[in-house]
Amino acid sequence: MVNYIWMFMIASGVVAAALQGRLDLVTSAALKGAKEGVAVCIGLISILVFWMGMMRIAQDAGLLEKLARLLRPLVRVLFPSVPPDHPAMGYILSNMTANLFGLGNAATPMGIKAMEELQKLNPNPKTASPAMCTLLALNTSGFTLIPATIIGIRMKYGSVDPTEIIGTTLFATGCATLTAILVDRLYRSQWEKRSGH
Amino acid sequence: MVEVVSFLSKLMLPAILAFIPLYATFRKVPVYESFTEGAKEGFPTAIQLIPHLVGMMVAVSVFRETGALHFYLRLLSPLVDGIHFPKEVIPLAVLRPISGAGSLAFVESIFRTYGPDSFLGRLASTMQGSTDTTLYVLTVYFGAVGIRRTLYAVKVGLWADLAGMLASWFIVVMVYG
């Protein structure tokens, strides 16, 4: 699916530019995008280095295991294929907690660590496992208690009550996450049937 | 309730930052050594993401800058008119899954034109806050571990985005309509 989306975006871009007789737009847009991609990665370095250091301390102190044990019933339902005491559980929970509190910068390294652990359990390292898809489902649906970025921007534009959208956002993000979990379940069971699991 | 959550949210980061090393020291973990040991992994992870993010951002940029995105938006508008979904925020709904920076810029343009406290301003805020940049999240997470085939993850993410957009519209109409 990513392959198709990627091809679709590039192909329609080239066609759109050709129709306007402005094929040069493609080149400049591509270079701009490439620059942006590298800039994002460079920006991520400090965050990843810092949080992965903190996460290692938490892991060495046994905090991740504790967290995993505390919330085991919840994640067991969501991740039935992951052994309950596996380190992946601790990272998954840290990732979920960080997202919940809108700590996007901290959530990404924890999510990546969770993916690395899930990859160790994955029989096909080039293909995503269902557990990975569930983790992605939780992350792409963006479940958050406090949408900090948008509150900041509302402040910048002189909103009388920048935080008033927390309630509506909570409702909408809840619906999105619920949908993600249900759709993930649906696709997973279809996939299990097809691949004979 | 909102105050409590917002207070907790502000307190969360400093609390975590203080608690982890304190607790670890108590458990006799050599905290600084642990930190640097873990931090070492951050750099290669970030570098490994470059091809994935460059690939995705190039496609998004070409799609947007050549006017292709605009064309599809116009194609969509009669369809959305049928269900009375506010036309002004359609670009946001379409941009959100593919580009976080792009959708944020669009929210700002809504704020500039209609104000953050207008119906459209509140709707845009809710839409932006309740969903995430699906394509970016997928690229980063799968890119970091070298996954090529993403199974059904993209579809799940896009369904969640659609649900988030429609739920935002519903709740903002209910509360502020």
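Because the structure is predicted, anything quoted here is derived from the model rather than measured.

1. Focus on the overall build of chain A
Helix and strand content of chain A: nine helices and zero strands. Walking chain A from its N terminus toward its C terminus, one meets helices and strands in the order α-α-α-α-α-α-α-α-α. Taking the principal axes of the C-alpha coordinates as reference, chain A spans close to 60 × 55 × 35 Å. Burial status across chain A gives 51% buried among its 197 residues. Here the analysis covers contacts within chain A between residues at least 6 apart in sequence; of these, 55% occur between residues at least 24 apart. Summed over all atoms, the accessible surface of chain A reaches about 9,000 Å², with 67% contributed by carbon and sulfur. Charge centroids of chain A, computed over 17 positive and 11 negative side chains, lie 3 Å from each other.

2. What to know about the interface of chain B and chain A
Taken together, the 99 residues of chain B in the interface contact 98 residues of chain A. Buried surface at the junction of chain B and chain A, summed over both partners, amounts to about 8,500 Å²; 75% is from carbon and sulfur atoms. Summed over the shared surface of chain B and chain A, the number is six salt bridges. Taken together, chain B and chain A are joined by 30 residue pairs in polar contact (both at pLDDT 80 or more). Listed by contribution, the elements that provide at least two residues to the side of chain B that touches chain A are α1 (2-26), α2 (31-39), α3 (42-65), α4 (68-82), α6 (100-114), α7 (119-130), α8 (134-145) and α9 (153-176) of chain B. With 20 residues, the single largest contributor to the side of chain B that touches chain A is α3(B).

3. Overview of the nonpolar core
Of all hydrophobic cores here, the largest spans 107 residues; its most connected members are A:Met9, A:Phe79 and B:Phe142. Top contributing element to this core by residue count: helix α2 (residues 24-60) of chain A, with eleven residues. Beyond its immediate chain neighbours, meaning those up to four positions away, A:Phe79 contacts A:Met89, A:Ile92, A:Ala131, A:Thr134, A:Leu135 and A:Leu138. A:Ala17, A:Leu25, B:Val54 and B:Val62 belong to the second largest nonpolar core, which has seven residues in total.

4. Quick notes on the confidence of the model for chain B
All names here are of chain B. Overall, the predicted model of chain B reaches an average pLDDT of 89, with 96% of residues at or above 70. α1 is the least confidently modelled element of chain B, averaging 80 in pLDDT, while α7 averages 95, the highest of any element. Interface confidence for the predicted complex, given as ipTM, is 0.87, next to a pTM of 0.86.

5. Here's the deal with α6(B)
Across its 15 residues, α6(B) extends 21 Å between first and last C-alpha, which sits within 8% of the 21 Å expected from 1.5 Å per residue. B:Gly102, B:Ser103, B:Phe106, B:Val107, B:Glu108, B:Ile110 and B:Phe111 are the residues of α6(B) that are buried. The inward-facing, buried residues of α6(B) abut α8 (148-156) of chain A together with α3, α5 (90-95) and α7 of chain B. Put simply, B:Ser99 is the residue that caps the front of α6(B), since its side-chain oxygen is 2.8 Å from the backbone nitrogen of B:Gly102. Positive phi appears at B:Gly115, one or two residues downstream of α6(B), with a value of about 90°.

6. Quick notes on a nonpolar patch on the surface
Where nonpolar side chains cluster on the molecular surface, the patch consists of A:Phe171, B:Phe170, B:Met174 and B:Val175 and spans about 390 Å² of accessible area. With respect to the helices and strands, B:Phe170 occurs in helix α9. Classification of B:Phe170 as partly exposed rests on a relative accessible area of 43%.

What counts as what
Residues numbered from 1 in each chain as written. Chains lettered and ligands numbered in written order. Predicted model: local features only at pLDDT ≥ 70, side-chain atom pairs only at ≥ 80, totals over all residues. Heavy atoms only, no water. Helix = DSSP H or I, 4+ residues; strand = E, 2+ residues; numbered from the N terminus. Buried < 20%, exposed > 50% of the residue type's maximum accessible area, 1.4 Å probe, protein only. Contact = heavy atoms within 4.5 Å. Areas by Shrake-Rupley, 256 points an atom, 1.4 Å probe, with all protein chains shown as cover. Lys, Arg positive; Asp, Glu negative; His and termini not counted. Charge placed at Lys NZ, Arg CZ, Asp CG, Glu CD. Buried area = accessible area lost by both parts, 1.4 Å probe. Salt bridge = Lys/Arg side-chain N within 4 Å of Asp/Glu carboxyl O. Polar contact = N/O pair within 3.5 Å; in protein donor to acceptor, adjacent residues only side chain to side chain. Core = buried A, V, L, I, M, F, W, Y, C linked by side-chain atoms within 4.5 Å. pLDDT = per-residue confidence, 0-100. Expected span 1.5 Å × (residues − 1). Patch = residues over 30% accessible without salt bridge, like charges linked within 9 Å, V, L, I, M, F, W, Y side chains within 5 Å.

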